Amino acid sequence: GENVEQHPSTLSVQEGDSAVIKCTYSDSASNYFPWYKQELGKRPQLIIDIRSNVGEKKDQRIAVTLNKTAKHFSLHITETQPEDSAVYFCAASIVGNQFYFGTGTSLTVIP
Amino acid sequence: ETGVTQSPTHLIKTRGQQVTLRCSSQSGHNTVSWYQQALGQGPQFIFQYYREEENGRGNFPPRFSGLQFPNYSSELNVNALELDDSALYLCASSFGGQFSGANVLTFGAGSRLTVL
């Protein structure tokens, strides 16, 4: 089945700096790549997603890029704020709604 | 419009017992998926229900079973509980089912199960 790897596992940045989280996937049939933010004790919340027919998508301070050839995708957060501190998960989907998640990145934004 | 709700929020069981977790899907959604999230890990797909039938399953043993009801709500049942079953169990609803293409998952807050 699909295997999603996510790096780094922890990331600390100064407020205002950028943060980048990277994921790789194994199955070239994957065609949907969402990113979820999970604050401590709360449910995962979708923050941005990208489909395989698009190379890049941006929503205000958040952007995602996808390289289908290399089978990797990345989350970029610019002008980080303390409220961006959370665990971020990438995921890949092949068939319908069966998602394979990465192991998560704990992001800390230092004021 | 209501979101995904799960119950109970927390529960403690002992090894060998059975547990039932419940999930109400978001209004307008007809598909429910269950995920297991161990501490410090990403969610792992257990199975998905669409039109009251299981139509996708991850690498979990048969003692993990489920149901979906006509109102699209769902139950996750786990028999013969083991210590490693301790985790946060997340329910996610979406619209479309397994062969409709990937759709956005909306997660519930989860049920935290502790097995002693």
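Look above for the structure.
Residues numbered from 1 in each chain as written. Chains lettered and ligands numbered in written order. Predicted model: local features only at pLDDT ≥ 70, side-chain atom pairs only at ≥ 80, totals over all residues. Heavy atoms only, no water.

**Considerations on the state of the cysteines**
Joining two cysteines, a disulfide is a covalent bond between their sulfur atoms.
Here is step 1: Scanning the model with the defined rule gives two disulfides over all chains in all.
Here is step 2: The side chain of Cys23(A) participates in a disulfide bridge whose partner is Cys90(A); the two sulfur atoms lie 1.9 Å from each other. Between Cys23(A) and Cys90(A), the S-S torsion sits near -100 degrees, and that sign places the bridge as left-handed. Note that Cys23(A) is positioned in strand β3 (residues 19-25) and Cys90(A) in strand β9 (residues 86-93), a separation of 67 residues in sequence. By the burial criterion, Cys23(A) is buried, and Cys90(A) matches it.
Here is step 3: Between the sulfur atoms of Cys23(B) and its disulfide mate Cys91(B) the distance is 1.8 Å. Torsion about the S-S bond of the Cys23(B) and Cys91(B) cystine: about -60 degrees, corresponding to left-handed handedness. Placement of the pair is Cys23(B) in strand β3 (residues 19-24) and Cys91(B) in strand β9 (residues 87-94), with a sequence separation of 68 residues.
Here is step 4: For Cys23(B), a relative accessible area of 2% corresponds to the buried category. (Disulfide = S-S within 2.5 Å. Helix = DSSP H or I, 4+ residues; strand = E, 2+ residues; numbered from the N terminus. Buried < 20%, exposed > 50% of the residue type's maximum accessible area, 1.4 Å probe, protein only.)

**Comments concerning the interface of chain A and chain B**
Here is step 1: Counting from both sides, the interface comprises 18 residues of chain A and, opposite them, 26 residues of chain B.
Here is step 2: For the pair chain A and chain B, the summed buried area comes to about 1800 Å², and 52% of that belongs to carbon and sulfur atoms.
Here is step 3: On inspection of chain A and its partner chain B, the count reaches zero salt bridges.
Here is step 4: Our enumeration of links across chain A and chain B arrives at five residue pairs in polar contact (both at pLDDT 80 or more).
Here is step 5: If you list the elements that add at least two residues to the side of chain A that touches chain B, you get β4 (32-38), β5 (45-51), β9 and β10 (99-101) of chain A.
Here is step 6: For the side of chain A that touches chain B, the per-class residue count stands at eight nonpolar, seven polar and three charged. (Contact = heavy atoms within 4.5 Å. Buried area = accessible area lost by both parts, 1.4 Å probe. Salt bridge = Lys/Arg side-chain N within 4 Å of Asp/Glu carboxyl O. Polar contact = N/O pair within 3.5 Å; in protein donor to acceptor, adjacent residues only side chain to side chain. Nonpolar A, V, L, I, M, F, W, Y, C, P; charged D, E, K, R; others polar.)

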